[in-house]
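Summary of the model geometry
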Amino acid sequence: MPLPLHHDDPQHLGPYRLVARLGGGGMGTVYLGRSTGGRTVALKAVHPRFASDEAFRARFRLESDAARVIGGEYGAGVVDADPFAPQPWLATEYVLGPPLDEAVELCGPLPERTVRALGAALCRALAQLHRSDVVHRDLKPSNVLVTASGPKIIDFGVARALGDERLTRLGTAAGTPAYMSPEQAAGVEHTGAGDVFALAGVLVFAASGHAPFGGGQAADLLYRVRYAAPDLSGLPPALIPVLTRCLDKDPARRPATAELAELLAGTDDFPTALPDTLLAETARRATDVWRLQPHRLPPPPQSPDAPTAPAGLPPALSRRRLLGIAGGSTLGVAAAGTGGWLWWNGRERPQTTGPARFARPANIPGRATWWARLDKADDSRPPLVVGTLVAVRGQAGLVTFEAKTGLKRWTATSVKQSYEFTADTERVYACVSDGRNTKGLKVYNVSDTGGLEYIAGPFADLSSGSGHAEPLAVFGGVVYLAARKGGDRDDEPWSLLAVDTKTGGRLWNQPLGNHVPGSSTDRIVADVGSGHLLYARPLLPQRTNLLVAHRLSDGRREWDLELPGRRLDTSFMDTGKPATDGRHVYFAGTELTAVGLDDGKPAWTFGKGRPKGDLSATTSAYGPPTVRAGVVYAAEGTRGVVALSAATGELLWETPFPGMPPGSMAPVLGRTHLYVVATDGARDQIRAVDLQTHRIAWSMDVPGRVGGAPVAHERAGHLVWTSGDYVCALPFE
Amino acid sequence: MEPSRPGDPGRIGPYAVLGRLDAPAGDVPAAERRFVARSSDGDRTVLVAAPLEGADPGRFRAEAEAARRLFGPWTAVVDEVGTDAAEATPAWYTTPYLPALPLPAALAAHGGPLPERTVRALGAALAEALAAVHATGAAHAGLAPAAVLLTADGPRLTGYGAVRAATPPGPGGTGPVGLAPGTVPPEQLAGARPEPPGDVFALGAVLAYAATGYTVPERDELPAGLRALVSACLVRDPAHRPSVPRLLDELPGAAPGFGPAPAGFGPPPTLAGPGATVLDGGPSRAGALLTPGWLPARVVAALVRQSAAVLAAEPAPSPHPPHHGPS
């Protein structure tokens with residue numbers, strides 16, 4: 001799965017320009033590369049640190065040779081290699097299919113017909129290898145790629161020619177213990193029959209989701225491989241006899257590959273034997289590789305581009321250095337421990353640090369650093385930043401995640417509706433109903449465990465009924481709310497009030513216009529800007545939007561302004577708050593308007609007479625703006641995004657959006673990029689506009705539709721968004 | 001990807017040709033020549049469409065320019081329109097490359113007519129694409145099996161205006177060039193101006209083709225579940241053909257996962273009434289049908305093979321490198 005390049009990855013390897021990272025272990029990295037003619041390849045590069053190690057180089061050369069022996073039908077076709085380069089590399093076909101372990105994580109145990117088809121094809125692959133007197137010695141699910149036309153065996157890092165003893169001195173127990181043959185575990189000759197044993201283990205995993213000898217400590221595993229009976233639970237009964245034969249401890253009693261292929265009787269028509277989900281995953285990979293935009297991560301801020309070690313460190317240093325560098329990566333450490341055999345096996349999996357211990361679901365973009373499932377994630381408002389957490393409303397209530405890692409923290413199960421809570425950047429405040437409207441409104445603070453702590457009220461004159469109060473904003477320890485008067489009539493009046501979170505006292509109470517709360521299309525959105533409480537709400541019959549300012553100190557209504565907008569739900573609604581910079585509030589509609597905070601008069605409007613692309617009559621011409629450091633950013637029609645001077649409304653720059661128009665969500669401004677959601681009505685993308693070049697640096701498909709808008713968690717360095725049933729994060733730059 | 005044919009250009013505009021998208025036509029002609037091609041820096045791979053021999057390049061360009069205004073998930077994006085009259089290929093336009101099979105190639109890969117589930121999903125998406133075209137006040141007038149590309153995530157409608165560019169003006173004659181028999185509505189054969197009901201006829205023919213392998217099938221060759229609807233599209237009288245919104249309602253059938261749009265999508269229902277399209281910000285209803293399994297396995301395998309072949313392809317070395325001319 002392509003990931004962005006790291007800041008210190010090379011630009012080129014041989015004639016290939018690097019485009020993305022595919023994975024990496026302790027001793028090398030696999031890249032996606034492109035030739036000058038545009039041929040796309042997978043490039044496996046040995047880290048320069050090991051290039052001076054002769055034995056390592058020899059192994060790398062052998063690996064290239066073995067990969068050539070298996071060829072392009074059953075392996076990743078070798079395109080080119082340079083084992084003598086300062087950084088040796090091997091270029092192969094970029095295989096369009098997931099490794100078998102990811103396939104099983106994605107689909108669950110595979111159906112019998114799939115297992116048979118895979119097994120028969122893998123037999124033919126091994127037969128081809130064995131005919132050339134090469135044994136693989138490390139067959140395991142992660143070394144089998146499942147394409148739509150058949151499996152391919154990769155990673156010949158420990159393959160060797162039969163009878164070639166030169167390299168075995170380097171390590172006694174190469175290979176992965178879970179799928180190792182008993183003879184390999186005992187340290188004696190592993191022949192083609194050993195590969196058959198490993199193949200059977202791989203098929204047991206494919207059919208049941210578990211390895212035949214379990215997992216755990218290597219020593220225990222090696223013991224079980226040699227002496228214990230395989231665990232064949234969960235297998236389709238018809239497969240048990242044939243796999244039992246293959247897993248015989250005596251290599252002589254295992255079937256040969258040709259016989260095994262017949263016993264498995266896989267279908268000739270491989271794709272029809274695959275489950276739909278797996279086929280769709282191969283199709284997705286085959287398609288997504290064409291949408292890839294080259295991207296390089298900036299150097300991490302805490303270790304500012306430290307000078308890289310010169311190539312060819314003294315051998316005595318290299319191992320220690322490896323241990324230091326691979327610290328935290330258990331695979332890297334394990335690789336060092338076995339003498340550098342498994343360098344390729346540490347597929348890069350950022351999610352191992354996050355909450356998801358499962359494979360990246362097919363629809364989660366590779367750029368995402370963490371993701372978490374959240375059933376029925378709120379699609380009407382963006383996630384909230386709360387301290388080190390982000391909070392998103394889901395079916396279970398208000399759920400929080402550690403913004404850095406995606407670990408789930410607390411859930412406030414009593415907060416169910418999107419209008420029931422608000423937050424400053426540190427705490428969540430909520431008004432929840434107790435089911436009646438007579439007890440008086442209470443205001444709560446959500447505690448660190450997700451419980452509700454009562455902080456103010458009950459205000460006997462205000463209703464505690466469902467949907468009768470909306471916390472709007474928190475600023476300086478004061479919660480601003482809209483709330484309905486207690487009483488039984490539907491048209492009880494609403495007020496706007498300020499509640500001190502420390503004393504629980506009501507600071508002021510002012511009448512609010514004819515607000516109809518509780519429906520997402522008529523939600524008040526508010527923010528506190530330089531002494532003003534602003535809120536915007538749509539006036540449905542008039543098809544206009546009302547912008548109102550109240551004085552923060554006593555709540556007095558200062559001014560209001562009706563602004564035309566073609567959409568019934570104002571652009572504010574999607575963002576959750578008006579865009580203001582202390583001087584103006586910026587309002588999107590048919591035009592983009594800056595309204596003076598002090599006088600409520602339009603200071604400038606932008607967009608009159610500008611082409612907006614193909615807008616239907618119901619679409620607002622401008623998306624909700626974002627303002628920062630004197631610049632206003634907003635989506636313009638179906639054409640792209642514009643950046644305007646906040647002071648004058650003058651156009652500073654614009655970026656066209658070919659293919660997919662920008663959606664009606666506020667852009668998010670990062671240090672080097674502006675993040676904009678694009679949508680074609682069925683699918684959404686997050687696009688990053690480079691703030692220097694004003695070009696789209698990359699576009700990324702997201703699962704489902706983006707809910708609310710993405711939000712920046714600056715402390716965690718992540719852009720967080722909800723889409724589909726996921727909360728996802730990517731590096732915020 | 002199919003190999004280039006004798007006489008094919010090596011370059012089109014700034015792009016080096018890698019191969020053809022279409023196999024040599026049997027009885028399912030295409031209205032334009034389509035190539036897979038790559039920019040000289042190797043970074044961008046595109047589909048390039050050029051008019052058939054004898055077509056009017058000016059008209060072709062004008063139609064392509066007009067198609068640039070069309071958006072939508074099932075509409076192939078027209079990115080760049082070539083305008084260099086001095087070139088060997090004086091008119092062309094590009095679409096970003098995604099692995100895609102023309103509908104006839106998909107039937108060939110599958111080994112026969114496509115399953116009803118595929119036909120319904122295809123029909124719903126094409127109906128949405130037509131709704132988007134009709135909303136601009138135009139008609140496609142060139143919908144035919146070869147104008148439909150299947151990608152992993154849904155069909156793409158192509159070939160806007162290519163037929164009109166390929167067909168000499170005036171009524172009568174042998175009918176439009178580059179269209180499979182049976183896809184041209186009778187009123188258009190008689191010389192009438194293309195109108196949306198003509199596109200409905202063509203959609204019926206395309207779905208008939210997808211479901212039977214023939215654009216003019218016997219009624220009982222059609223799968224029972226589609227018979228009434230497809231036959232209704234193919235009636236002679238344009239006024240009696242179903243409307244596009246009705247097709248959108250009926251094509252999904254009782255497919256699982258299909259239902260009213262989830263709350264929170266798009267504008268309120270009063271705005272997204274009948275005839276609302278994805279262009280209005282409404283949800284794509286066809287999208288709900290394009291779940292894993294919507295394409296048969298062998299078609300997916302063919303798409304993946306094509307992707308792998310184009311990933312591995314490099315343009316043949318040009319006999320005349322672009323920066324120094326022949327000496």
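Residues numbered from 1 in each chain as written. Chains lettered and ligands numbered in written order. Predicted model: local features only at pLDDT ≥ 70, side-chain atom pairs only at ≥ 80, totals over all residues.

1. Overview of the overall build of chain A
Looking only at helices and strands, one finds 13 helices and 42 strands in chain A. Counting all 733 residues of chain A, 53% fall into the buried class. Of the contacts made within chain A by residues no fewer than 6 positions apart, 56% connect residues no fewer than 24 positions apart. (Helix = DSSP H or I, 4+ residues; strand = E, 2+ residues; numbered from the N terminus. Buried ≥ 20, exposed ≤ 12 C-beta atoms within 10 Å, placed from the backbone. Contact = placed C-beta atoms within 7 Å.)

2. Things to note about the interface of chain B and chain A
Contacts between the two partners involve 44 residues from chain B, matched on the other side by 44 residues from chain A. Among the elements that line the side of chain B that touches chain A, the one with the most residues is helix α9 (residues 297–312) of chain B, at eleven residues. Tallied by class, residues from the side of chain B that touches chain A come to 24 nonpolar, eleven polar and nine charged. (Nonpolar A, V, L, I, M, F, W, Y, C, P; charged D, E, K, R; others polar.)

3. Some details on the sheet that holds strand β13 (residues 389–394) of chain A
Residue and element names in this part refer to chain A. The four strands are arranged β12-β13-β14-β15 in an open sheet whose pairing can be described as antiparallel. Looking at the sheet topology across the chains shown, the edges are occupied by β12 (384–386) and β15 (408–412). Adjacent strand axes in the sheet meet at a mean angle of 30°, parallel and antiparallel pairs treated alike. Looking at chain direction, β13 and strand β14 (residues 397–402) are connected through six bridges and run antiparallel. (Pairing = 2+ DSSP bridges. Axes fitted to C-alpha atoms, helices over the stretch in contact; angles between N-to-C directions.)

4. A look at the nonpolar core
In this structure, B:Leu126 and B:Val206 are the most contacted members of the largest nonpolar core, which totals 196 residues. Excluding residues that lie within four positions of it along the chain, B:Val206 makes contacts with B:Leu103, B:Leu126, B:Leu143, B:Ala144, B:Pro145, B:Val148 and B:Thr183. Core analysis: the next-biggest nonpolar cluster, separate from the first, contains 112 residues, A:Val632, A:Ala666, A:Ala688 and A:Leu730 among them. (Core = buried A, V, L, I, M, F, W, Y, C linked by C-beta atoms within 7 Å.)

5. Remarks on the packing of helix α4 (residues 112–131) of chain A against helix α9 (residues 257–264) of chain A
Residue and element names in this part refer to chain A. Between α4 and α9, the least distance of the axes is 8 Å, while the angle of their chain directions is 165°. Taken together, the axes of α4 and α9 lie roughly antiparallel to each other. When the axes of α4 and α9 are compared, the crossing they make is left-handed. Facing Arg116, Gly119, Ala120, Cys123, Arg124, Leu126, Ala127 and His130 of α4, the residues of α9 in contact are Thr257, Ala258, Leu260, Ala261 and Leu264. Among the residues forming the contact of α4 with α9, the class breakdown is eight nonpolar, three polar and two charged. (Parallel < 35°, antiparallel > 145°, perpendicular 65-115°, else oblique. Left-handed = near helix turned anticlockwise from the far one by under 90°.)

6. Examining the environment of B:Gly287
Residue and element names in this part refer to chain B. Summarising the element assignment, Gly287 is placed in the loop between α8 (244–250) and α9. Taking the number of C-beta atoms within 10 Å as the measure of exposure, Gly287 has 23 and is therefore buried. Residues Gly287 and Trp74, 213 residues apart in the sequence, show an inter-C-alpha distance of 9.6 Å.

7. With respect to the environment of B:Glu218
Residue and element names in this part refer to chain B. You can see Glu218 is positioned in the loop between α6 (196–212) and α7 (224–233). C-beta crowding within 10 Å serves as the criterion here: with 8 such atoms nearby, Glu218 is assigned to the exposed category. Spatially, the C-alpha atoms of Glu218 and Ala208 are 9.6 Å apart, while their sequence positions differ by ten residues.

8. Observations regarding helix α3 (residues 116–135) of chain B
For α3(B), spanning 20 residues, the distance from its first C-alpha to its last is 28 Å, which sits close to the expected 28 Å at 1.5 Å a residue. The element α3(B) is largely enclosed, with a buried count of 16 among its 20 residues. (Expected span 1.5 Å × (residues − 1).)

9. What to know about the confidence of the model for chain A
All names here are of chain A. In this model, chain A carries an average pLDDT of 79, and 81% of its residues clear a pLDDT of 70 or more. A low-confidence stretch, residues 161–175 stays under pLDDT 50, and its non-local contacts, those more than four residues away or across chains, total 27 contacts. Note on residues 517–522: pLDDT is under 50 here. Beyond four places in sequence and across chains, it has 15 contacts. (pLDDT = per-residue confidence, 0-100.)

10. Some details on α9(A)
All names here are of chain A. Of the positions making up α9, those classed as buried are Thr257, Leu260, Ala261 and Leu264. The buried side chains of α9 occupy one side of the element, clustering within an arc of 105° when seen end-on. The inward-facing, buried residues of α9 abut α4, α6 (192–208) and α8 (240–246). Just beyond α9, the residue with positive phi is Ala265, at close to 45°. (Arc of directions from axis to C-beta.)

11. Let's talk about the confidence of the model for chain B
All names here are of chain B. Predicted confidence across chain B gives a mean pLDDT of 81, with 80% of residues reaching 70 or more. A low-confidence stretch, residues 255–282 stays under pLDDT 50, and its non-local contacts, those more than four residues away or across chains, total 60 contacts. Confidence drops under pLDDT 50 across residues 321–327; counting only partners more than four residues distant or on other chains, this segment forms three contacts. This complex was scored by the predictor with a pTM of 0.61 and an ipTM of 0.87.

12. Considering the sheet that holds strand β31 (residues 602–606) of chain A
All names here are of chain A. Sheet architecture is open: four strands sit in the order β28-β29-β30-β31, paired in antiparallel fashion. The sheet is open, and its two borders are formed by β28 (579–580) and β31, each paired with just one other strand. Here β28 pairs with strand β29 (residues 584–588) via two bridges, running antiparallel. Paired with Thr580 across the two strands is Val585, which belongs to β29.

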